[in-house]
Amino acid sequence: MSEFAFRKINIDALEEDVLLPSDLYDPDPRGEQDVLSDAQQKSSEVRNLISRGDIAGALNTVLSDPPYGEGVDEAKDLTKNSLLLILNSTRASEIQGILKSLGQEQQDHLMAYIYKGMAAIGQGSDVSGSVLLNWHAQLTEVAGVGCIVRVMTDRRTL
Amino acid sequence: MSSPEIFQLSLGPLTGIAFSPDRSQVCVCPNTNEAQIYTRNGEQWDLTDTLAEHDKLITAIAWGPNTNRIVTCSQDRNAYVWTQTEQGWKPALVILKINRAATCVKWSPAENKFAVGSGSRIIAICHFDEENNWWTAKQIKKPLRSTILSLDWHPNNYLLAAGTADGKVYVYSGYIKGLEAKPEATIWGDRLPTGAVLAEFKSPNGGWVHDVAFSPSGDILAFVAHDSSLNVIYAAGPNEPPAAHIVVKLPSLPFTSLTFVSESSIVAAGHDCQPILFTGSESGWSISHSLDDPTSSSKPLTPSATGVRSGGVGRLGNNEAFNMFKAADSKGQRGTPQPGAAPSSAGLTPVGQDGQLLTIHQNTITHVEPYEWNQNGEVSKIFTTGRDGRLVLWPVSAGKGLSGRMAGLQV
C-alpha cells in the first residue's frame, strides 16, 4: 500500500502559492448574517405569495440575489426549500409562461436549483423527480443548453 | 454568395494552424509532435514539408505574414522559430524558461517579437538575441493565477491581451526596453513599462476564457468564455473604467474562438460546429446569422479529401449498422434523428438522418481567423478548423446582415 500513500498527501498544504476559492470568484458583498436574514425574509414572502397564487412573483423573489459561496449553508437550505415548494405547487400548464417571464440571470439560477433539487432526491427531502425533470425540460426549451453550461461552469455555487 | 470551400486535412483534430503570407501554403499540426506544411494544388493540398523538432504535441502555430517565419509551441515546454532556407525549414531555439506546457503563440504585428502563453502562469514575450543567435523571453507573471489559454496583440505592437483559465482577461503592456521605440499613450493606458496591467475583465459566470481578440482599430476588446458568453469591451481612456462591457449570453454551447471582421462585426465559433456572425455597436451586440446554414441543401457536404484514406475500417467501412454504432460511440448519437431537423430553440446542433451533423464541421471548431481582405480592408473570407480535421474557407458578408443574405437568394 505504501506506494499509494503519496496520493493522500494534501499538496495544497505544502504549496505556498495555492489557488483559493476566493481567487476564482468574488464573495457575496452582503455579510453572512445579512444573507441569512435576507433568505429568511424571502422565504416567508414566498409562502405568502404562493398562498395568494402568485407563482411568478414568488419565483422572481427567490431567484433574485440568491445566497452563494462558502459559510452560508443555512441560507442556502432555506432558499432551496422555498424554491422546491414553488416548483411543487405550480400547475404543469403554467410553467412555460412563467419561465418566459424570467430574466436570463434568473433562468440560470433556476437551472442551478433544479440540479440541486435532483441531487437532493432520496436524501429525505420531499421532491419528486418527475416535477424537476418537467421543469428542466421546459427550461432547456426556453433558455437553451447555454443555460446548463453556465450552471456547470459557475463557481458561485448556490 | 459563393459557398464555402472544404478540405479534409486530417482524420483527427487539427491542434494548430497558420497560413503562409500569400495563402498558397498552410502549416497544420494533426494532433502530433510534428507540424506539416501543405501547398495548394488546385482543389487539393499536397504535403510538402514536415517540421519535426518537438517531442510532444504542438499546441499552436503562428506564421508571420511579413517576415515569413513560423513559430510553433508545444507541450514539451519549448517553442521554435522556423526560417525557410534553401535546405528547407530550419528551427531556431527559443529560451522560454517555463516549466509547464506552452499553450498559445502569436506574432506581434511588427513581427519583431512574439508572445507565448503557458500552463506555468507565465506569458513569455520573446525577441531575437543576436549575440547568442537564439530567441530570449521577458516573462510576465503578475497577477496571473492560472493557465493562459489565449493571447492577442493590439495593432500598435505594444499591448497584449491574455485570457486565462480562471475566467479573467488582462490587457498588458508588451513593450520591451532596448528593442523598440517608447510607445505612445493609447486609449487603454499611458504608462507602459513591460508587464504593466492596463485593464482587467472577468467572464460573467466565471467560465474560463477560450479566446480574446482586439478589433482592427484596437479600441475594442472581445472575448469568449466557457459560460457560453461573448463579451465586448469598449475602452474609454487611460485609467478610466471601460465605456461599455457588453455581455451576450448565448442559448447555445460555448464558443472556443473568435475574430473581428470589422469594428461592428465578429465571427465566433466553437462547440456548436458552426461559425456565427455577430453585429453590434457600443449600445449592444446580437447574433446576425450563422455562416453555415444547415437548412439549405445546396451546399456540398462531401469534403475534398487530401491524402487521406476514404471509408472506414476495412470492409466495415460502408456498413450501416457499424456506422451507427461508431456514431453513437464517437459522437454520442443514438436512435434515428428526424430528417432535416431545423435547429431547435434549445440551441442544439441539428443532426441528419445518417447520424452526421448537418453543419459542415462535424466536431468542435477550435480556430477562426481572417483569410482574405477586400479593398476596404474589411475581412471578406475567414477560415475555420476543428477537431474533425477539416479546414473550411467561408465567405463573410460583413455588416450587411440579413439584407446581404437576401441578396444572395434566388427567388
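Residues numbered from 1 in each chain as written. Chains lettered and ligands numbered in written order. Predicted model: local features only at pLDDT ≥ 70, side-chain atom pairs only at ≥ 80, totals over all residues.

Some points on helix α7 (residues 104-120) of chain A
Each α-helix turn comprises 3.6 residues. Residues three or four places apart therefore point the same way.
Residues and elements named next belong to chain A.
Thinking step 1. End to end, α7 covers 25 Å across 17 residues, agreeing with the expected 24 Å (1.5 Å per residue, within 8%).
Thinking step 2. Of the residues making up α7, those classed as buried are Gln 107, Asp 108, His 109, Leu 110, Met 111, Ala 112, Tyr 113, Ile 114 and Gly 117.
Thinking step 3. Residues of α7 that are buried make contact with α4 (55-63), α5 (73-88), α6 (95-101), α8 (129-143) and α9 (145-153).
Thinking step 4. Count one or two residues on from α7 and you reach Gly 122, which has phi positive near 85°. (Helix = DSSP H or I, 4+ residues; strand = E, 2+ residues; numbered from the N terminus. Expected span 1.5 Å × (residues − 1). Buried ≥ 20, exposed ≤ 12 C-beta atoms within 10 Å, placed from the backbone. Contact = placed C-beta atoms within 7 Å.)

Digging into the confidence of the model for chain B
Residue and element names in this part refer to chain B.
Thinking step 1. Taken as a whole, chain B shows an average pLDDT of 86; of its residues, 83% reach a score of 70 or greater.
Thinking step 2. Low pLDDT, under 50, characterises residues 297-317; the stretch is placed with 24 contacts to residues that sit more than four places away or in other chains.
Thinking step 3. Scored below 50 in pLDDT, residues 399-411 shows 10 contacts in the model against residues more than four places distant or in partner chains.
Thinking step 4. In the predicted assembly, ipTM is 0.87 and pTM is 0.86. (pLDDT = per-residue confidence, 0-100.)

Looking at the environment of Glu43(B)
Thinking step 1. Looking at where Glu43(B) falls in the secondary structure, it is placed in the loop between β4 (34-41) and β5 (44-52).
Thinking step 2. Along the chain, Glu43(B) and Tyr172(B) lie 129 residues apart, while their C-alpha atoms are 42 Å from each other.

Some remarks on the interface of chain A and chain B
Thinking step 1. At the interface, 17 residues of chain A touch 18 residues of chain B.
Thinking step 2. When contributions to the side of chain A that touches chain B are tallied by element, the ones reaching two or more residues are α2 (21-24), α8 and α9 of chain A.
Thinking step 3. Per element, the largest residue contribution to the side of chain A that touches chain B is 5 residues, and it comes from α9(A).

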